[in-house]
Amino acid sequence: YTIVRPGQLFGGPYDNNYYLGTLFQLDKDVQTQDVEVAQGDTLLGDTLRSTLAEVTAQICEGDYARDMDFAVVNVKGEAPELEDVQERLASLAVAE
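Residues numbered from 1 in each chain as written. Predicted model: local features only at pLDDT ≥ 70, side-chain atom pairs only at ≥ 80, totals over all residues. Heavy atoms only, no water.

(A) The arrangement of the nonpolar core in detail. The biggest cluster of nonpolar side chains holds 13 residues, and the ones touching the most others in it are Val37, Val55, Ala65, Phe70, Val72, Leu89 and Leu92. Residue contacts for Val37: discarding those within four places in its chain leaves Leu43, Phe70, Ala71, Val72, Arg88, Leu89 and Leu92. (Core = buried A, V, L, I, M, F, W, Y, C linked by side-chain atoms within 4.5 Å. Buried < 20%, exposed > 50% of the residue type's maximum accessible area, 1.4 Å probe, protein only. Contact = heavy atoms within 4.5 Å.)

(B) View of the sheet that holds strand E5 (residues 68-75). Taken together, the three strands give an open sheet; going across it, the order is E1-E5-E3, and neighbouring strands pair in mixed fashion. Strand pairing shows two members of the sheet lacking a second neighbour, strand E1 (2-6) and strand E3 (34-39), which therefore form its edges. Strand-to-strand twist in this sheet, taken as the mean axis angle between neighbours without regard to direction, amounts to 25 degrees. Note: E3 against E5, six bridges, orientation antiparallel. Along E5, the bridge assignment pairs Glu36 with Val73. With respect to the sheet, helix H2 (residues 49-61) is in contact with E1, E3 and E5, its orientation differing from that of E5 by roughly 145 degrees. Contacting E3 and E5, helix H3 (residues 82-94) runs over the sheet at an angle of about 15 degrees to E3. (Pairing = 2+ DSSP bridges. Helix = DSSP H or I, 4+ residues; strand = E, 2+ residues; numbered from the N terminus. Axes fitted to C-alpha atoms, helices over the stretch in contact; angles between N-to-C directions.)

(C) The arrangement of the pattern of salt bridges in detail. Evaluation of the coordinates by the stated rule reveals three salt bridges. Here Asp69 ties to Arg5 by a salt bridge, and the two come within 2.8 Å at their closest N and O atoms. Separated by 64 residues along the polypeptide, Asp69 in strand E5 and Arg5 in strand E1 bring together distant segments of the chain. With a shortest N-O distance of 2.7 Å, Arg66 and Asp63 are connected by a salt bridge. (Salt bridge = Lys/Arg side-chain N within 4 Å of Asp/Glu carboxyl O.)

(D) The arrangement of a negative patch on the surface in detail. Taken together, the side chains of Glu81, Glu83, Asp84 and Glu87 make up a negatively charged region of the molecular surface. Mapped onto the elements of the fold, Asp84 is located in helix H3. Judged by its relative accessible area of 30%, Asp84 is partly exposed. (Patch = residues over 30% accessible without salt bridge, like charges linked within 9 Å, V, L, I, M, F, W, Y side chains within 5 Å. Areas by Shrake-Rupley, 256 points an atom, 1.4 Å probe, with all protein chains shown as cover. Lys, Arg positive; Asp, Glu negative; His and termini not counted. Charge placed at Lys NZ, Arg CZ, Asp CG, Glu CD.)

(E) Layout of the environment of Leu89. Considering the arrangement of structural elements, one finds Leu89 in helix H3. Here the alpha-carbon distance between Leu89 and Gln58, two residues 31 residues apart in the chain, equals 8.5 Å. Not counting the four nearest positions on each side in its chain, Leu89 is found in contact with Val37, Val55, Gln58, Ile59, Tyr64, Ala65 and Phe70.

Spelled out as structure tokens, the structure:
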């Protein structure tokens, strides 16, 4: 099993008209693109949908975060390269 615990989701598509973030098409700024992961439900913050999609794809393609739950949020900084995301996911197993 793997349980991914994102923060509040941001970013398109904007088709849920009952949420203010949708009505105003709120997105994180370009300075909040870096990715932080930690075991358990320990991180607070927001997660871009594109970040959640990439992390989920890496879990499916690689051997990361097996038999655990972890949180993922975006923090200040530039978007990481694919290899950086993979390294952060791999570091979760080391932290067990």
